[in-house]
Amino acid sequence: MSFIQYEKKGEIAYLYLNRPEKRNAINSEMSDLFLEYLEEYKADSEARVLIITGKGDKAFCSGRDLKESKDNPEAFKKKPLRGRLFNAIIETYKPVISAINGAAVGAGCEIALASDIRLACAGSKIGMPEAKRGMGATFGATILPKLISPSFAAKMLYTGKLVTSEEALQVGLVDEVLEDQEQLLVRAAEIASDICECAPLSVKRIKETIWKTMDVPLFQALQLDMGPNVYESEDRIEGAQAFLEKRKPVWKGR
């Protein structure tokens, strides 16, 4: 059975982390498959939104499989997740939703941080214990203070302690907390469907603008022109006409 399962339901793609017996911990084979499916999603013009979630009811992803450092140390050293998997999630420039169905720890937390929208089941634990494992949390330490209070981020990173999904909601680390896994996936699909109602070029441009201007001073950011040129697109004309004619637009992605 594949460690990653990928499927499409209309315009929504789903990527399932599929090692429930290992709490969906990521090994080298799994990270390679993850990257392959991200490329498939990126290249697929019909897939508009990607939902990432974990199989089983214990964990979204418990992080990097540290057992691999003992069983296959060369693979563990040669294929760090930093700069590969998390950047690839961001650089799809199409929306990615993390549906956190259980523990999101270490690399699992960083997958969620690289996503655009984060939903979580009640009682899920989230955090990065890298400081307790002699690791650096390079991606997490870079992105987390930009998404939530820098001091709360520092406390999480320095202590390596996990927070509950309810605490994560309070500090803006997740956007919504749902009662159970079924409601989590229903809500993720609802948000994905809402995104699919919008013009694909506009959504792509907005995502690229959000990520590429995150650290740019305001007045410089306003001078930048990120992503596809929607202002000369057919979809811009279609959007205006559909509004005036009180009908649903038919997007062409051009």
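In this report, the structure presented in the accompanying data block is examined. Remember, predicted model here, so these are calculated numbers, not experimental data.

Regarding the side chain of Thr 213
Thought 1: Looking at the element boundaries, Thr 213 is found in the loop between α10 (200-212) and α11 (218-221).
Thought 2: Here the side chain of Thr 213 touches Thr 209 through a polar contact of 2.5 Å, landing on its backbone oxygen.
Thought 3: Apart from residues no more than four positions distant in its own chain, Thr 213 is found in contact with Ala 221, Leu 224 and Met 226.

Comments concerning the packing of aromatic side chains
Thought 1: Counted by the stated rule, this structure contains 3 aromatic pairs.
Thought 2: Aromatic pair Tyr 14 and Tyr 16: ring centres 6.0 Å apart, planes at 10°, arrangement stacked.
Thought 3: An angle of 35° between the planes, with centres 5.0 Å apart, marks the rings of Phe 86 and Phe 139 as tilted. With a gap of 53 residues between them, Phe 86 in helix α4 (residues 85-90) and Phe 139 in helix α6 (residues 138-147) connect regions that are remote in the sequence. In terms of burial, Phe 86 and Phe 139 fall into one category: buried.
Thought 4: A cation over an aromatic ring shows up here: Lys 9 above the ring of Tyr 14, its NZ or CZ 4.9 Å from the ring centre.
Thought 5: Seen from the ring of Tyr 41, Lys 94 lies directly overhead, with NZ or CZ sitting 4.4 Å from the centre.

Here's the deal with the packing of α6 against helix α7 (residues 150-159)
Thought 1: One can describe the packing of α6 onto α7 by two numbers: an axis separation of 8 Å at closest approach and a directional angle of 150°. Between α6 and α7, the interaxial angle falls into the category roughly antiparallel. Pair α6 / α7 crosses with right-handed handedness. On α7, the residues touching Gly 140, Ala 141, Leu 144 and Pro 145 of α6 are Pro 150, Ala 153, Met 156 and Leu 157.

Description of a positive patch on the surface
Thought 1: A contiguous patch of positive charge, built from Lys 132, Arg 133, Lys 155 and Lys 161, is present on the exposed surface.
Thought 2: By the element assignment, Lys 155 lies in helix α7.

Brief notes about the pattern of salt bridges
Thought 1: Applying the stated criterion to the full structure yields 16 salt bridges.
Thought 2: Asp 44 serves as the salt-bridge partner of Lys 8, at 2.7 Å between the closest nitrogen and oxygen. In this pair, Lys 8 is assigned in strand β1 (residues 4-9) and Asp 44 in the loop between α1 (28-43) and β3 (49-54), connecting sequence segments 36 residues apart.
Thought 3: Across the pair Glu 208 and Lys 212 runs a salt bridge, and its minimum N-O distance is 2.8 Å. Of this pair, Glu 208 and Lys 212 both sit in helix α10, 4 residues apart, which is roughly one turn of the helix.

Structural notes on the environment of Ala 188
Thought 1: With respect to the secondary-structure elements, Ala 188 resides in helix α9 (residues 181-196).
Thought 2: A residue is classified by how much of its surface remains accessible, and Ala 188, at 0% relative accessible area, is buried.
Thought 3: Along the chain, Ala 188 and Glu 176 lie 12 residues apart, while their C-alpha atoms are 9.9 Å from each other.
Thought 4: Setting aside its immediate chain neighbours within four residues, Ala 188 contacts Ile 51, Ile 97, Ala 99 and Leu 119.

Remarks on α6
Thought 1: If you check which residues of α6 are buried, you get Phe 139, Gly 140, Ile 143 and Leu 144. Along the long axis of α6, the arc covered by the buried residues comes to 105°, so they all point the same way.
Thought 2: Where the residues of α6 are buried, they touch α4, α5 (107-114), α7 and α10.

Regarding the environment of Asp 175
Thought 1: Looking at the element boundaries, Asp 175 is found in the loop between α8 (165-170) and β10 (176-178).
Thought 2: When the C-alpha positions of Asp 175 and Ile 117 are compared, they lie 6.9 Å apart, and in sequence the two are 58 residues distant.
Thought 3: Leave out the neighbours within four places in its chain, and Asp 175 touches Ile 117, Arg 118, Leu 119 and Leu 169.

A look at α9
Thought 1: The end-to-end C-alpha separation of α9 is 22 Å, in line with the 22 Å expected for 16 residues at 1.5 Å each.
Thought 2: Where α9 is concerned, the buried positions are Leu 184, Ala 188, Ala 189, Ile 191, Ala 192, Ile 195 and Cys 196. Across the axial projection of α9, the buried residues extend over an arc of 165°, all falling on one side. Along α9, exposed side chains directed more than 90 degrees from the buried face belong to Glu 182 and Asp 194.
Thought 3: The residue sitting at the N-terminus of α9 and contributing the capping side-chain oxygen is Asp 180; that oxygen lies 3.3 Å from the backbone nitrogen of Glu 182.

Overview of the pairing of strand β2 (residues 12-17)
Thought 1: With 6 of 6 residues buried, β2 is to be regarded as a mostly interior element.
Thought 2: Covered by surrounding structure in β2 are Ile 12, Tyr 14 and Tyr 16 together with Ala 13, Leu 15 and Leu 17, the residues of both alternating faces.
Thought 3: Counting the residues between successive antiparallel strands, the hairpin from β1 to β2 contains 2 residues, one of them, Gly 10, with a positive phi of roughly 65°.
Thought 4: Both β2 and β3 contribute to a ladder of 6 bridges, which runs parallel. The residue of β3 that forms the bridge with Ala 13 is Leu 50.

What counts and how
- Residues numbered from 1 in each chain as written.
- Predicted model: local features only at pLDDT ≥ 70, side-chain atom pairs only at ≥ 80, totals over all residues.
- Heavy atoms only, no water.
- Helix = DSSP H or I, 4+ residues; strand = E, 2+ residues; numbered from the N terminus.
- Polar contact = N/O pair within 3.5 Å; in protein donor to acceptor, adjacent residues only side chain to side chain.
- Contact = heavy atoms within 4.5 Å.
- Phe/Tyr/Trp six-rings, centres within 6.5 Å; stacked < 30°, edge-to-face > 60°.
- Buried < 20%, exposed > 50% of the residue type's maximum accessible area, 1.4 Å probe, protein only.
- Lys NZ or Arg CZ within 6 Å of the ring centre and 35° of its normal.
- Axes fitted to C-alpha atoms, helices over the stretch in contact; angles between N-to-C directions.
- Parallel < 35°, antiparallel > 145°, perpendicular 65-115°, else oblique.
- Left-handed = near helix turned anticlockwise from the far one by under 90°.
- Patch = residues over 30% accessible without salt bridge, like charges linked within 9 Å, V, L, I, M, F, W, Y side chains within 5 Å.
- Areas by Shrake-Rupley, 256 points an atom, 1.4 Å probe, with all protein chains shown as cover.
- Salt bridge = Lys/Arg side-chain N within 4 Å of Asp/Glu carboxyl O.
- Lys, Arg positive; Asp, Glu negative; His and termini not counted.
- Charge placed at Lys NZ, Arg CZ, Asp CG, Glu CD.
- Arc of directions from axis to C-beta.
- Expected span 1.5 Å × (residues − 1).
- Pairing = 2+ DSSP bridges.

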